[in-house]
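In case you want the letters, here they are:
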Amino acid sequence: MVTPSTWEIVSLLLDVAHITFIILLASAVLGLLLGAVLTMINVKNIPVLKQITVVISSFTRSVPIIIQLFIVYYALPPLLGNFGINVTSMSATVAAILALTLYHGGYLTEVLRAAYKAVDKGQHEAADSLGYTPTKKFFRIILPQTVPVALPGWGNALIHLIHDTSLVFALGVADIMGRAELIAASSFGMNQVQVFLIVAAIYIVVTFLSDGMVRLFEKKTQKFKLDSGLKAKRVA
Amino acid sequence: MLNMEILVDNFFGILSVVPQTVALAITIFILSILIGTGMALVQEYNVPVLKQVVLLFKLFLRGTPLIVFIFIMYYSLPSIIGYFTGLMNLDYNANNISPVVILIVAVSLTVSSFQAETIRGSFLSVSYGQIEAARSLGYTPFQAFKRIITPQALVEALPEFGSAFLVVMKAISLGFMITVVDIFAEARLIAASNSYYVEAFVVAALMYWGVAALVVKLTGKYESYLVSRT
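Note that this is a predicted model, so its numbers are computed, not measured.

## Notes on the overall build of chain B
Part 1 of the argument: Counting its regular elements, chain B contains nine helices and zero strands.
Part 2 of the argument: Overall, chain B is about 70 × 50 × 30 Å in size when its C-alpha atoms are taken along their principal axes.
Part 3 of the argument: Expressed as a percentage of contacts within chain B between residues at least 6 apart in sequence, the contacts between residues at least 24 apart total 78%.
Part 4 of the argument: Of the roughly 12100 Å² of accessible surface on chain B, 67% is carried by carbon and sulfur atoms.
Part 5 of the argument: For chain B, the distance from the average position of its 12 positive side-chain charges to the average position of its 12 negative side-chain charges is 13 Å.

## Here we look at the UniProt feature "domain: ABC transmembrane type-1" (unreviewed entry) in chain B
Part 1 of the argument: As recorded in UniProt, the sites labelled "domain: ABC transmembrane type-1" (unreviewed entry) are residues 18-219 of chain B.
Part 2 of the argument: Between the first and last C-alpha atoms of residues 18-219 of chain B the distance is 19 Å; the span itself is 82% helix and 0% strand.

## As for empty space enclosed by the protein
Residues and elements named next belong to chain A.
Part 1 of the argument: In total, this model carries one cavity of 30 Å³ or more according to the counting rule given.
Part 2 of the argument: There is about 40 Å³ of room inside the largest cavity.
Part 3 of the argument: Lining the largest cavity, in full, are Thr-20, Phe-21, Leu-24, Ile-162, Ile-176, Ile-202, Tyr-203 and Val-206.
Part 4 of the argument: Only helix H2 (17-43) and helix H9 (192-221) provide two or more residues apiece to the lining of the largest cavity.
Part 5 of the argument: In terms of residue class, the lining of the largest cavity is built from seven nonpolar, one polar and no charged.

## Some words on unusual backbone geometry
Residue and element names in this part refer to chain B.
Part 1 of the argument: Positive phi values are uncommon outside glycine, yet Thr-179 reaches one of about 65°.
Part 2 of the argument: Secondary-structure assignment places Thr-179 in the loop between helix H7 (141-171) and helix H8 (183-194).
Part 3 of the argument: Residue Thr-179 is classed as exposed on the basis of its relative accessible area of 57%.
Part 4 of the argument: The backbone of Ser-195 sits at a positive phi, close to 50°, despite the residue not being glycine.
Part 5 of the argument: When you line up the elements, Ser-195 lands in the loop between H8 and helix H9 (197-229).
Part 6 of the argument: Given a relative accessible area of 52%, Ser-195 falls into the exposed group.

## Observations regarding the UniProt feature "transmembrane region" (unreviewed entry) in chain A
Part 1 of the argument: Mapped onto the present numbering, the UniProt feature "transmembrane region" (unreviewed entry) falls at residues 16-40, 52-76, 82-103 and 195-217 of chain A.
Part 2 of the argument: This span, residues 195-217 of chain A, is 100% helix and 0% strand, and a straight line between its end C-alpha atoms measures 34 Å.

## With respect to the confidence of the model for chain B
Part 1 of the argument: In the predicted model, chain B carries a mean pLDDT of 88, and the fraction of residues at 70 or more is 99%.
Part 2 of the argument: When mean pLDDT is taken per element in chain B, helix H2 (residues 18-44) of chain B scores highest with 92 and helix H1 (residues 4-15) of chain B scores lowest with 84.

## Overview of the packing of aromatic side chains
All names here are of chain B.
Part 1 of the argument: On inspection of all chains with the given rule, the structure shows 23 aromatic pairs over all chains.
Part 2 of the argument: Ring centres of Phe-71 and Tyr-75 lie 6.2 Å apart, and the angle between their planes is 10°; on these two criteria the pair is classed as stacked. Residue Phe-71 and its partner Tyr-75 are both found in helix H4 (residues 66-87); the two are separated by four residues, about one turn of the helix.
Part 3 of the argument: Take Tyr-75: its relative accessible area is 23%, and that puts it in the partly exposed class.

## A short note on the pattern of salt bridges
All names here are of chain A.
Part 1 of the argument: All chains considered together, the criterion is met by seven salt bridges over all chains.
Part 2 of the argument: With a shortest N-O distance of 3.5 Å, Asp-128 and Lys-137 are connected by a salt bridge.
Part 3 of the argument: Relative accessible area serves as the criterion here: at 44%, Asp-128 is assigned to the partly exposed category.
Part 4 of the argument: Between Arg-215 and Asp-211 there is a salt bridge whose closest N-O contact spans 3.5 Å. With a gap of four residues between them, Arg-215 and Asp-211 both fall in helix H9, about one helical turn apart.
Part 5 of the argument: Under the relative-accessibility criterion, Arg-215 is labelled exposed at 53%.
Part 6 of the argument: Classification of Asp-211 by relative accessible area gives buried; the value is 13%.

Analysis parameters
Residues numbered from 1 in each chain as written. Chains lettered and ligands numbered in written order. Predicted model: local features only at pLDDT ≥ 70, side-chain atom pairs only at ≥ 80, totals over all residues. Heavy atoms only, no water. Helix = DSSP H or I, 4+ residues; strand = E, 2+ residues; numbered from the N terminus. Contact = heavy atoms within 4.5 Å. Areas by Shrake-Rupley, 256 points an atom, 1.4 Å probe, with all protein chains shown as cover. Lys, Arg positive; Asp, Glu negative; His and termini not counted. Charge placed at Lys NZ, Arg CZ, Asp CG, Glu CD. UniProt positions renumbered as here; feature names shortened; annotations may be inferred. 1 Å grid on protein atoms, 1.4 Å probe; cavity = no way out; pocket = protein on both sides within 12 Å on 5 of 7 lines; lining within 4 Å. Points joined across faces, edges and corners; volume = space filled by probe spheres on them. Nonpolar A, V, L, I, M, F, W, Y, C, P; charged D, E, K, R; others polar. Buried < 20%, exposed > 50% of the residue type's maximum accessible area, 1.4 Å probe, protein only. pLDDT = per-residue confidence, 0-100. Phe/Tyr/Trp six-rings, centres within 6.5 Å; stacked < 30°, edge-to-face > 60°. Salt bridge = Lys/Arg side-chain N within 4 Å of Asp/Glu carboxyl O.

What follows is the structure, encoded as structure tokens:
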């Protein structure tokens with residue numbers, strides 16, 4: 001058995017990096033959408049649906065992500081089979097995206113709800129008194145003020161999500177971690193530490209890139225933040 | 001649908017490893033608070049070289065997924081310990097080190113880097129006037145720390161500690177990768193033996209949910225008790 005050099009390991013790992021990134025991107029986008037929908041249901045106080053959102057966010061926060069992954073992968077196909085929906089051929093990648101979306105969405109609900117509630121009541125009343133339609137009020141007044149409040153929490157959730165994508169290999173997805181395990185197992189204990197240090201380096205780069213991105217957003221949206229009703233800064 | 005007989009069977013099977021998992025979580029939690037306090041002190045008192053080490057360490061742990069760090073520890077800790085025991089001429093075979101120890105080290109180091117922030121924040125939140133008042137009453141620094149500052153800082157930190165405990169609880173579910181048996185690993189073992197995967201994982205999820213609900217309730221109670229005292 002030849003032991004691969006550092007650069008060979010890096011290129012072997014980067015070969016499969018796109019799988020990790022696709023899972024990450026898909027679950028980040030879908031999770032944000034799901035979180036937004038759940039938050040909407042929650043703040044609008046829709047009877048039965050609201051209780052469901054509470055259960056979803058409590059479940060996703062209390063149960064280890066690895067169990068959530070396994071439940072979606074093993075339990076969802078037979079469960080949906082009872083309703084005549086056949087998903088027995090669901091691939092591990094799809095299951096991973098689904099589980100991470102649920103997890104990210106449930107987690108984000110708390111962040112988004114707090115941010116929405118942080119917008120001063122007077123802002124709603126002012127928009128109403130000016131005769132804004134609900135849609136116009138939401139997009140022009142409420143959303144721009146919600147975003148800067150929600151960004152730090154969203155950034156944290158994103159970092160959690162990035163870290164948790166490292167677990168999808170447990171379902172058999174051949175992502176960076178799956179490849180790393182393979183290299184570590186096939187080199188007879190020669191460069192296990194090296195392989196995982198390289199994986200760590202890749203994740204550190206991704207984490208700090210996304211962190212930087214969130215901070216940039218935070219700077220850009222700072223101007224929408226209002227100190228209070230009276231001390232409003234120049235709002236463009 | 002779910003097989004009820006298996007479900008009940010699994011329930012008691014998995015319940016038997018809950019105390020073990022909670023004990024492991026408590027150990028890691030206490031260690032992480034101790035290490036976190038150490039890190040916070042190093043940062044607050046600007047200890048030269050150590051401060052840079054702590055900052056670098058935090059940077060590394062913030063960017064690395066826990067499972068990667070667990071693997072790094074799993075593969076490198078025995079040789080690191082072996083190197084030191086070799087230096088001291090100790091007759092100790094580091095390759096026999098238990099995976100539980102490795103898990104404890106990996107998780108408590110990771111969590112401690114977050115605990116350090118919590119602890120720093122909660123001590124900074126106690127106003128300086130409180131320390132001055134204690135001093136004017138003739139308290140020794142240690143008395144002031146124990147009787148005035150810690151109770152107030154604890155109120156501030158308690159909700160964070162509660163969620164940190166849950167993070168630890170969830171984090172050790174990754175121990176199955178290095179053969180540590182906890183709630184999740186036991187569920188996997190049971191599922192592999194009778195191939196009722198859904199039942200086992202549902203029961204495991206319920207256990208975690210129950211522990212989480214209990215911890216939230218207990219910290220809430222303790223917090224209101226502390227608030228009523230301060």
